Every structure is written in C-alpha cells, then in structure tokens.
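So the chains spell out like this:
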Amino acid sequence: MQVLVTGGLGYIGSHTSVLLLEKGYDLVIVDDLSNSNEKVIENISQITSKVPVFEKIDLKDKESVSKLFNNYDFDGIIHFAAHKSVNESVNYPDKYFKNNVGSLENIIYEIQKLKKPMNFIFSSSCTVYGQADSMPINEGFELKKAESPYGQSKRKCEEILENFHKAGHNFKNITLRYFNPIGAHPTSLIGELPIGIPENLVPYITQTAVGKRDHLTVFGNDYDTNDGTCVRDYIHIMDLAEVHITCLEKLMNIKDNSFFNVYNVGTGKGTSVLELINLFENVNQLKLNYKIGKRRDGDVVIAYADTSKIKNELNWTTKYSLENALKTAWNWELNINKNE
Ligand code: NAD
Ligand code: WQD
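Here the structure is a predicted model, which is why all the values come from computation and not from measurement.

Asks: Teacher, can you tell me more about the site of ligand 2 here?
Replies: Close to ligand 2 lie 19 residues, the nearest being S125, Y150, T217, R232 and D299. Here an oxygen atom of ligand 2 and a side-chain polar atom of Y150 are 2.5 Å apart. Side-chain polar atom of R296 to an oxygen atom of ligand 2: 2.9 Å apart, as the coordinates give it. When ligand 2 sits alone it has 680 Å² of accessible area, and the protein chains cover 88% of it.

This is the structure we're talking about:
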C-alpha cells in the first residue's frame, strides 16, 4: 500500500510517517521544507530502519502536483501540509488561503481524474469551533466564524472536501479536528521544531526551561476558569499519529466508493495553563520562570473535546498520559539543544 504523506517532515507528519513505516506502508513524503528540514528524513530512517521516498514539492504548484500523481499510484493520502501560525495568518491572510486552500485544490483536482476511489485524511483543527457555547465540544456543534485567517482556511478546506464528497466523486474522506498536540517521539529523534519564537505553549515552556527564553508569559489569569487561566485539551503526539493509522485502515476497509466523516481528536480532558506548568515542573523536576501577563487577543477561554464519536465509531482512544507528553517534550528540547 502506497501512501502519500504531505507535510510529512513537519511535526505531526513526521510522527505519523514513523508509525506508517513501522506498519509496513510504502511512503512518499512530500514537503517543500517551508517549516521543516531535510534532516528529519534521516531521523525517521534512524527510528524505523526504513528510508521513505521524499519529494521536495511545493503543493501550491499545480504542475508539480500533476507530475506527482502521474509518477505514483497512491492508495491513500494524508494531507498535513499547511501553514499553521495563527499570528502570521493575521498579517498575511493571502499566504494562508493560497497555501492551505490552494494546495488542497490542486490535490483534489488530481484525485478527480483517478479511476479508483481515494482514501483521504485531512488535518483540520479545533479552531473551527471558535469559542463553543458549552463543553465538551462535539462534532455536531455549530462552527463559529473563525477568529483568524488560518482558522478560516481550515474551514474552507473542510467545505471543499464535503462538497467534493457530495458531488459523488470516488472519494473516501475522514477529516480530523485535532485539539492541542504536544510531546515528542520517545527516542527524542523527532519532535516539534518551531521556527523563531514559538507561539504555542509547550515549546515556549521547554525553550524557557532550557534557557533560550528568559521567561514564559501566561496570557491572562482573570478568565472564568478554576484558576483563571485558559483551558485546553492537550493530546500526546504519539496518540495523534496513531489515529491516522486507524482512520486510514478504516477507509481502506470501506467497500463503498464514497465516504465522509469528521472526528474530534483529543483526550476529552481540559487542562489549564497553570496546571500544565505545574505538571511540567513536577514531572521534569525543575522550576519554570513564568510571569502572569495580559490576555492574548483571539484566545478562546476553554476548549476540550467530546471524544465519544471516534471512540464509538472507530474504537479509538488515547493511550499516552499528559505526564509522558511533557516528559518527552522536555527530552526533545534537551536533545535539540545538545545538537545545536
Ligand atoms: P508543521 O508546520 O510542523 O508541518 C507542516 C509541514 O507542511 C511542514 O513540514 C511544511 O514544510 C509543509 N508544507 C507547508 N506548506 C507546504 C506546501 N505548499 N507544499 C509542501 N509542503 C508544505 O505543522 P504540524 O503541526 O505538523 O501540522 C500539520 C497539520 O495539522 C497542518 O495542516 C495544521 O494546520 C494541522 N493542525 C496542527 C495543529 C498543531 O497544533 N500543530 C493543530 C491542529 C491542526
Ligand atoms: C495554549 C494556551 C494560551 C503561549 C493554537 C491554534 C489552534 C491550534 C492549536 C492549529 C492558551 C496559553 C500560550 C504562551 C500562554 N493549532 N499560552 N503563553 O491557542 O489553543 O491553539 O494551537 O490548528 O488553531 O490557535 O494553543 O499552544 O498557542 O496556547 O499563556 O506563551 O496557552 O493563551 O491558553 P491554542 P497555544
């Protein structure tokens, strides 16, 4: 079985690629290295003792995507490739629509020409829910207008996929709405590699703990939550990687040529910023220099997943603990630092 993994050298893509290789899939990883580097292939190979095919392609380029589909006969596609910085998207909305929506359109255009049904997994985000009216968030909740162009681009992609399915093409799609992925592979050979100043909490914590940043600012402690800080659903990257295998196998086993479904991928448990910091300090036996600061514009207050749909329909639940995620995130940071 040959699987195309777009954005396969990025954070989620690299962990998923490892599991796919370990499961015996043939991989073609496509990445333009806009937010990753080629060394990740060596690290994937070191973990798995297998070398995936790598194509350096910008998926915005229609002709390159067309060539890619002419050269290979994919049985499945996991489409991770996208820009993901909420901040950057506010300043450069066009860049986000062109890349995130444009790349998907180019791939869909090629799928449309195929004779066989394509098994397709799409990386969406809990950001499409905005600030939900109640918790936990289930897939039936109304999607609020996304706060950022990044969020809007994900919503647009979801619509494109649903319309493509409704149009009756040979197409089996699962769209996954990830909550907050954190942590790293147990070997510390792959992990999250933020370019520049991290926007996300855990890389900011680890960079502060290792001394790359002076202190972490907690964005607001006057929210209406138990300790005043925002609450999120942090999911271990290894769990998140694994769900892609479950979904791919599900799609491959569906006899119909057409399928469409959307699942939340989270733990179902909310953790506040201060709880996460305390846990990080405890599991790694260190003290973090942090200060309470102002609220960050656009932050939702609370977001955690209702995980019953994916549990009931795909028999999938998370296995890893938050403690383990924070331990592996720290080991990964130590490892990057050692090699810098
Ligand atoms: P990442 O930036 O680490 O990985 C994305 C990869 O795609 C990078 O290696 C980048 O170089 C590549 N890429 C981007 N544009 C490309 C293009 N035009 N052609 C080829 N390659 C391209 O991000 P990630 O955290 O691994 O996220 C993967 C997916 O999951 C994204 O679609 C993201 O929006 C989504 N997602 C991420 C999170 C999160 O918190 N990390 C949460 C929800 C959803
Ligand atoms: C988590 C919490 C911050 C940094 C983002 C995207 C979302 C999705 C997941 C892709 C919040 C607080 C953070 C810091 C802090 N990604 N924080 N100090 O905001 O849930 O979502 O990543 O789809 O689209 O918006 O994640 O890690 O940025 O923040 O206090 O220096 O940590 O306020 O409460 P978020 P995050």
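Asks: Explain the pattern of salt bridges to me, please; I cannot follow it from the model alone.
Replies: Two side chains carrying opposite charge are able to pair once their charged atoms lie near each other. What the rule picks out here adds up to 18 salt bridges. Between K116 and D75 there is a salt bridge whose closest N-O contact spans 3.1 Å. With K116 in the loop between α5 (93-113) and β5 (118-125) and D75 in the loop between α3 (62-71) and β4 (76-79), this residue pair connects regions lying 41 residues apart in the sequence. In this structure K116 comes out as partly exposed when scored by relative accessible area, which is 27%. Residue E158 is joined to R177 by a salt bridge in which the shortest nitrogen-to-oxygen separation is 2.6 Å. Residue E158 is found in helix α6 (residues 149-166), and its partner R177 is found in strand β6 (residues 171-178); the two are separated by 19 residues along the sequence. The class for R177 is buried, based on a relative accessible area of 5%. Salt bridges sharing partners connect three or more residues here, namely D73, D75 and K116.

Asks: I'm lost on the site of ligand 1 in this one. Help?
Replies: Taken together, the neighbourhood of ligand 1 is formed by 29 residues, with D31, N35, N99, Y150 and K154 sitting nearest. Within the backbone of Y11, a nitrogen or oxygen atom sits 2.8 Å from an oxygen atom of ligand 1. Within the backbone of F80, an N or O atom sits 2.8 Å from an oxygen atom of ligand 1. When ligand 1 sits alone it has 820 Å² of accessible area, and the protein chains cover 96% of it. With three residues, the single largest contributor to the shell around ligand 1 is β5. Counted by class, the shell around ligand 1 contains 13 nonpolar, ten polar and six charged residues.

Asks: Just checking my understanding: could you explain the packing of aromatic side chains for this structure?
Replies: All chains considered together, the criterion is met by seven aromatic pairs. Ring geometry for F164 and F171: centres 4.8 Å apart, planes at 75°, overall edge-to-face. Since its relative accessible area comes to 6%, F164 is described here as buried. Ring geometry for F280 versus W330: centroids 5.9 Å apart, planes at 80°, classification edge-to-face.

Asks: Please clarify how helix α8 (residues 237-253) should be interpreted in this entry.
Replies: In an α-helix, one turn spans 3.6 residues; hence positions three or four apart end up facing the same way. When the terminal C-alpha atoms of α8 are compared, their 25 Å separation across 17 residues agrees well with the 24 Å that a helix rising 1.5 Å per residue should span. Buried residues of α8: I237, M238, D239, L240, A241, V243, H244, I245, C247, L248 and L251, and no others.

Asks: Teacher, can you tell me more about the side chain of H79 here?
Replies: Among the structural elements, H79 can be located in strand β4. Given a relative accessible area of 1%, H79 falls into the buried group. A polar side-chain atom of H79 sits 2.7 Å from a polar atom in the side chain of T6. Those residues in contact with H79, other than ones at most four positions away along the chain, are T6, L59, S103, L104, I107, F120, I121, F122 and S123.

Asks: Sorry, what's going on with the pairing of strand β11 (residues 258-265) here?
Replies: Consecutive side chains along a regular strand alternate between the two faces of the sheet. Counting buried residues along β11, seven of its eight residues qualify, which places the element largely inside the surrounding structure. Alignment of β6 against β11, held across eight bridges, turns out to be parallel. Residue pairing across strands places N173 opposite F260, the latter belonging to β11.

Asks: I'm lost on the sheet that holds β11 in this one. Help?
Replies: Overall, parallel pairing links the seven strands, which are arranged β3-β2-β1-β4-β5-β6-β11 in an open sheet. Both edges of this open sheet fall to β3 (53-56) and β11, since each of them pairs with a single strand only. Averaged over neighbouring strand pairs, the angle between their axes works out to 15° when direction is ignored. By the bridge criterion, five bridges tie strand β1 (residues 2-6) to strand β2 (residues 26-31) in an arrangement that is parallel.

Asks: Sorry if this is basic, but what is going on with helix α11 (residues 322-339) here?
Replies: With 18 residues, α11 extends 26 Å from end C-alpha to end C-alpha; this agrees with the ideal 26 Å at 1.5 Å per step. Those residues of α11 lying buried are L322, A325, L326, T328, A329, W330, W332, E333, N335 and I336. Packed against the buried residues of α11 are β7 (180-182), α7 (201-210), β10 (234-236), β12 (271-272) and α9 (273-284).

The rules behind these values
- Residues numbered from 1 in each chain as written.
- Chains lettered and ligands numbered in written order.
- Predicted model: local features only at pLDDT ≥ 70, side-chain atom pairs only at ≥ 80, totals over all residues.
- Heavy atoms only, no water.
- Near = heavy atom within 4 Å.
- Polar contact = N/O pair within 3.5 Å; in protein donor to acceptor, adjacent residues only side chain to side chain.
- Areas by Shrake-Rupley, 256 points an atom, 1.4 Å probe, with all protein chains shown as cover.
- Salt bridge = Lys/Arg side-chain N within 4 Å of Asp/Glu carboxyl O.
- Helix = DSSP H or I, 4+ residues; strand = E, 2+ residues; numbered from the N terminus.
- Buried < 20%, exposed > 50% of the residue type's maximum accessible area, 1.4 Å probe, protein only.
- Nonpolar A, V, L, I, M, F, W, Y, C, P; charged D, E, K, R; others polar.
- Phe/Tyr/Trp six-rings, centres within 6.5 Å; stacked < 30°, edge-to-face > 60°.
- Expected span 1.5 Å × (residues − 1).
- Contact = heavy atoms within 4.5 Å.
- Pairing = 2+ DSSP bridges.
- Axes fitted to C-alpha atoms, helices over the stretch in contact; angles between N-to-C directions.

Fair warning: the whole summary comes from geometry, so function is off the table for now.
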